[in-house]
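So the chains spell out like this:
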Amino acid sequence: MAERFYITTPIYYVNDVPHIGHAYTTLACDVMARFHRLNGDEVLFLTGTDEHGQKVEKAAAAAGEPPQTFVDGVSQNFRALAKAMKYSNDDFIRTTEPRHIEASQALWKAIEASGNIYLGGYEGWYSVRDEAFYAEDELVAGPGGKKRAPTGADVEWVKEPSYFFKLSAWQDRLLEFYEKNPQAVQPDSRRNEVISFVAGGLRDLSISRTSFTWGIPVPDAPGHIMYVWLDALANYLTEIGYPGGKDGKFARFWPADVHVVGKDILRFHAVYWPAFLMAAGLEPPRRVFAHGWWTVEGEKMSKSLGNVVDPHEMIERYGLDPFRYFLLREVPFGNDGDFSQAALIQRINSDLANDLGNLFQRSLSMIQSYFAGVLPKPAQFSDADRLLIEQATKLHPSVGAAIGRQALHEALGEIWRVVADANRYVDGERPWTVRKTDSVRAGTVLYVLAETVRHIALLLQPFMPDSAARMLDQLAVPVDARTFAYCGVRGQLVSGVQLPKPEGIFPRYVVEEKGAA
Ligand code: ME8
C-alpha cells in the first residue's frame, strides 16, 4: 500500500566545506528516500543549509564578506555535494529564504500564544562552535584548566536580555512521550541517554539573542533575533508550508517520519524540538535517528589536523557507487566508524569486484557464450534452483524491514547473503561443464542466476543507482519494470530476450606500487 514518507537531514552550517560526515548523513537519507519511492510511496526528502547565528556571522567576518554574500557562496558547496553524490532530495532549504523566515516566525508565535515564552535575561556560558548554552556543571576542564563545553568547544560568558522557553515545564510530557513512543528516538542506546537527560531535570532555554544581529527577528520584539537552533529546527516545517497554505501539504506530511541526525545534535532534536512542537500544538516527529561519528584513520577529522576527507576527491578516485556502498556497509548505521582508504579499497575489491562483480559477469558471460546472449528457457526447477530464487524473492521484504529500522548495513548484508548463495550455487552447479552434456540444464541454471541477479540489482538501486541501472540494462529489464512492484513473479525475466554484450561494472581497484613507472 502506498504511503507517504517524509525524511530529513540536518541542515548544515555554512561555516565549513562539506566533508564525508555531511555526505554520510544525506546519503543515508537518500537511500531511504529512494527505497520508498521504488515502493511506490509519496516521498518528501529534504536537506539544506543553516545560515544564521554567531558561528556563521563570525565565519563571514573572517572571510571579509557581508553575511548574506558569504552564505550565498558557501551554501553552493552543499548543493554541489548533493549533485556529485546524486542525492535525490526534493528540495533544498536555506534558512535565509523568505519562506523559512515566515515559517520560523509563525512557529514562534504559536509557542508564544501557548504561554510558553517569557522575557528574562540570560547570564551564563555559551559555545559559538556548538551554538549551545551550557550550565556550569556541564563544563569540563580543558588545557590550562580553561573551561570547555563537554564537546571540547570553547565557551564564553554571555549576559544579555533574552526570551526563554519554559522547557522545565515539559519534563513530564517529554518522558511520557518517550514512554508511549519507544520508536521516537533511536537507536535504543541513544533513547536511553535522552531519557536520562530529561529525567535529570530541564532548565528553561534561552531562545533569543540580542548581542548580534545575524538571525531571524523575533516577531514584535525589536533587538531580539531567534536562537539559531529554534530557527534551524523550524526548517522541517518550512517546505511543507507551515502554518498553512500549499494545498494541504503540511497536513499531509507532518509529522515527519524520520529526522536523521548525527549523535552530536541529538539533544536538540529529541528534547528541544518535540517540546517546541508540543507547545505549538503540533505532533512531534515519528522518529529521530542518531547515527555515529566518523573518524579518519583513527583521528578526529579537523581542519587543523589537515585530515578532512573531501567527498569529491573520493568520488573521483574510487567512483561514486563504491564510495556510497562503502560508507553504508563498513559501519553499522548508528555506530561510530573509522574511515580509511585501505578499508575502502578492500571493500571495492572483495565485496564489489570479487563477490558481486564476478557473479554478475560470469553469469552474463556464460549466457553470451553458450546461448549467443539469448536468455535461455528454464526446464523443470531443481530444489537448489527453487531455493535460490526463493532467497532472492525474499530480498524485498527483508531489505525493506532493515531499512524501516534504519539498519542500512543490514539491508546490504541481506543482499550480500544472496550474492554469496548465488556464487555457491554456480560453483556447485558448474554450468560450464554441464553444458557439454546437458545444454537444457545449463540453460536452466543460467536462467536462475539471471533472475537472482535481477532481484539483487533491483534492491541495489537505492544504494548504487548508476551501477544498478547498468546491471538492469544488461539484463534487458525495461526501465518501467524497475520498481519494487516487479520484485515478484510479475517482473520475471522472459526467456528468448536478447541480452546486450556484458561489460564489467565493478572493476578492481589496483593500488599502484610506489615508484612504479
Ligand atoms: O549541527 N561523522 O550542522 P553541522 C558523522 N546546523 N557525521 C558527521 C560528522 C562526522 N565526523 N561531521 C558532521 C549542525 N556530521 C546544525 C544542524 S539541523 C536543524 C541543524 C554530520 O554542519 C552529522 O549529521 O555541524 C552531524 O549531525 C551534522 O553533520 C552536523 O552538521
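Everything numeric here is computed off the predicted structure, so don't read it as measured data.

Description of the environment of Pro502
Thinking step 1. With respect to the helices, strands and loops of the structure, Pro502 is situated in the segment after helix H19 (465-474).
Thinking step 2. Given the relative accessible area of 18%, Pro502 is considered buried.
Thinking step 3. With 29 residues separating them in the primary sequence, Pro502 and Asp473 have C-alpha atoms 9.7 Å apart.
Thinking step 4. With sequence-adjacent residues up to four places away left out, Pro502 is seen in contact with Gln361, Leu364, Ser365, Gln368 and Gln474.

What to know about the site of the ligand
Thinking step 1. Of all residues adjacent to the ligand, which total 23 residues, the nearest are Ile11, Thr25, Asp50, Asp264 and Trp294.
Thinking step 2. At 2.7 Å, a side-chain N or O of Asp50 approaches a nitrogen atom of the ligand.
Thinking step 3. A distance of 2.7 Å separates an oxygen atom of the ligand from a polar side-chain atom of Asp264.
Thinking step 4. Here the ligand loses 94% of its free accessible area of 670 Å² to cover by the protein chains.
Thinking step 5. Among the elements of the structure, strand E1 (4-13), helix H1 (20-38), helix H7 (228-233) and helix H8 (235-238) are those that each provide at least two residues to the shell around the ligand.

A look at the nonpolar core
Thinking step 1. Of all hydrophobic cores here, the largest spans 95 residues; its most connected members are Phe339, Leu356, Trp416 and Leu460.
Thinking step 2. With 12 residues, the single largest contributor to this core is helix H18 (residues 439-460).
Thinking step 3. Beyond its immediate chain neighbours, meaning those up to four positions away, Leu460 contacts Leu356, Leu412, Ile415, Trp416, Ala468 and Met471.

Observations concerning helix H14 (residues 383-393)
Owing to its 3.6 residues per turn, the α-helix brings residues three or four apart onto one side.
Thinking step 1. Within H14, the full set of buried residues consists of Asp385, Leu388, Ile389, Gln391 and Ala392. Each buried residue of H14 sits inside an arc of 155 degrees when the element is viewed along its axis, so together they form one side.
Thinking step 2. In this fold, the buried residues of H14 make contact with helix H15 (395-404), helix H16 (408-429) and H18.

Some words on the sheet that holds strand E3 (residues 91-94)
Thinking step 1. The parallel open sheet is built from six strands, whose spatial order is E3-E2-E1-E13-E14-E9. Unpaired on one side and paired on the other, E3 and strand E9 (185-186) mark the two borders of the sheet.
Thinking step 2. Across two bridges, the pairing between E9 and strand E14 (residues 288-291) is parallel. Residue pairing for E14: Gln186 is matched across the bridge by Phe289.
Thinking step 3. Sheet strands in contact with H1 are E1, strand E2 (42-50), strand E13 (258-262) and E14, and its direction is about 165 degrees off that of E1.

Here we look at the sheet that holds strand E10 (residues 205-206)
Thinking step 1. Strand order across the open sheet formed by four strands is E5-E4-E8-E10, with antiparallel pairing between neighbours. Edge positions in the sheet fall to strand E5 (132-134) and E10, since each has one partner strand and no second.
Thinking step 2. Relative to strand E8 (residues 156-165), strand E4 (residues 117-127) runs antiparallel, the two being bridged by 10 bridges. Within E8, the position partnered with Leu119 by the bridge is Tyr163.
Thinking step 3. Strands E5, E8 and E10 of the sheet are contacted by helix H10 (residues 266-279), whose axis makes an angle of about 35 degrees with E8.

A short note on unusual backbone geometry
Excluding glycine, residues mostly have negative phi values, and the peptide bonds linking residues are mostly trans.
Thinking step 1. In this model, Gln186 is joined to Pro187 through a cis peptide bond whose omega is -5 degrees.
Thinking step 2. By the element assignment, Pro187 lies in the loop between E9 and helix H6 (188-199).
Thinking step 3. Omega for the bond connecting Trp254 with Pro255 falls within 30 degrees of zero, at 0 degrees, which places this linkage in the cis form.
Thinking step 4. Relative to the assigned elements, Pro255 resides in the loop between helix H9 (249-253) and E13.
Thinking step 5. In this structure, Ala372 is a non-glycine residue whose phi angle is positive, near 50 degrees.
Thinking step 6. Along the chain, Ala372 falls in the loop between helix H13 (341-371) and H14.
Thinking step 7. We note that Ala476 has phi near 55 degrees; this positive angle belongs to a residue other than glycine.

Structural notes on the packing of helix H12 (residues 320-330) against H16
Thinking step 1. Axis separation between H12 and H16 bottoms out at 7 Å; the angle between their running directions is 105 degrees. Taken together, H12 and H16 sit at an angle that is classed as roughly perpendicular. Counted together, Tyr325, Leu328 and Arg329 of H12 and Leu408, His409, Leu412, Gly413 and Trp416 of H16 form the full contact between these two elements.
Thinking step 2. Counted by class, the contact of H12 with H16 contains five nonpolar, two polar and one charged residues.

Remarks on the pattern of salt bridges
Thinking step 1. The final tally for this structure, using the stated rule, is 37 salt bridges.
Thinking step 2. Two residues, Arg329 and Asp351, come together in a salt bridge whose shortest N-O distance is 3.6 Å. With Arg329 in helix H12 and Asp351 in helix H13, the pair connects residues that are 22 residues apart, well separated along the chain. Accessibility assignment for this pair places Arg329 and Asp351 in one class, buried.
Thinking step 3. The residue Lys394 makes a salt bridge to Glu390 at a minimum N-O spacing of 3.4 Å.
Thinking step 4. The exposure class assigned to Lys394 is partly exposed, which follows from its relative accessible area of 44%.
Thinking step 5. What emerges from the salt-bridge pattern is a single network uniting Arg329, Glu330, Arg347 and Asp351.

Regarding the pairing of E13
Thinking step 1. The element E13 is extensively covered by neighbouring structure, given that five of its five residues are classed as buried.
Thinking step 2. Side chains of E13 alternate between two faces, with Val258, Val260 and Gly262 and His259 and Val261 buried alike.
Thinking step 3. Here E1 pairs with E13 via two bridges, running parallel. Looking at E13, one finds that Ile7 is bridged to Val258.
Thinking step 4. Pairing analysis gives four bridges linking E13 to E14, with the strands arranged parallel. What sits directly across from Gly262, in E14, is His291.
Thinking step 5. Where the polypeptide runs from E13 across H10 and back to E14, its parallel neighbour, the crossover connection is right-handed.

Criteria and cut-off values
- Residues numbered from 1 in each chain as written.
- Predicted model: local features only at pLDDT ≥ 70, side-chain atom pairs only at ≥ 80, totals over all residues.
- Heavy atoms only, no water.
- Helix = DSSP H or I, 4+ residues; strand = E, 2+ residues; numbered from the N terminus.
- Buried < 20%, exposed > 50% of the residue type's maximum accessible area, 1.4 Å probe, protein only.
- Contact = heavy atoms within 4.5 Å.
- Near = heavy atom within 4 Å.
- Polar contact = N/O pair within 3.5 Å; in protein donor to acceptor, adjacent residues only side chain to side chain.
- Areas by Shrake-Rupley, 256 points an atom, 1.4 Å probe, with all protein chains shown as cover.
- Core = buried A, V, L, I, M, F, W, Y, C linked by side-chain atoms within 4.5 Å.
- Arc of directions from axis to C-beta.
- Pairing = 2+ DSSP bridges.
- Axes fitted to C-alpha atoms, helices over the stretch in contact; angles between N-to-C directions.
- Parallel < 35°, antiparallel > 145°, perpendicular 65-115°, else oblique.
- Nonpolar A, V, L, I, M, F, W, Y, C, P; charged D, E, K, R; others polar.
- Salt bridge = Lys/Arg side-chain N within 4 Å of Asp/Glu carboxyl O.
- Right-handed = clockwise from strand over helix to strand, strands pointing away.

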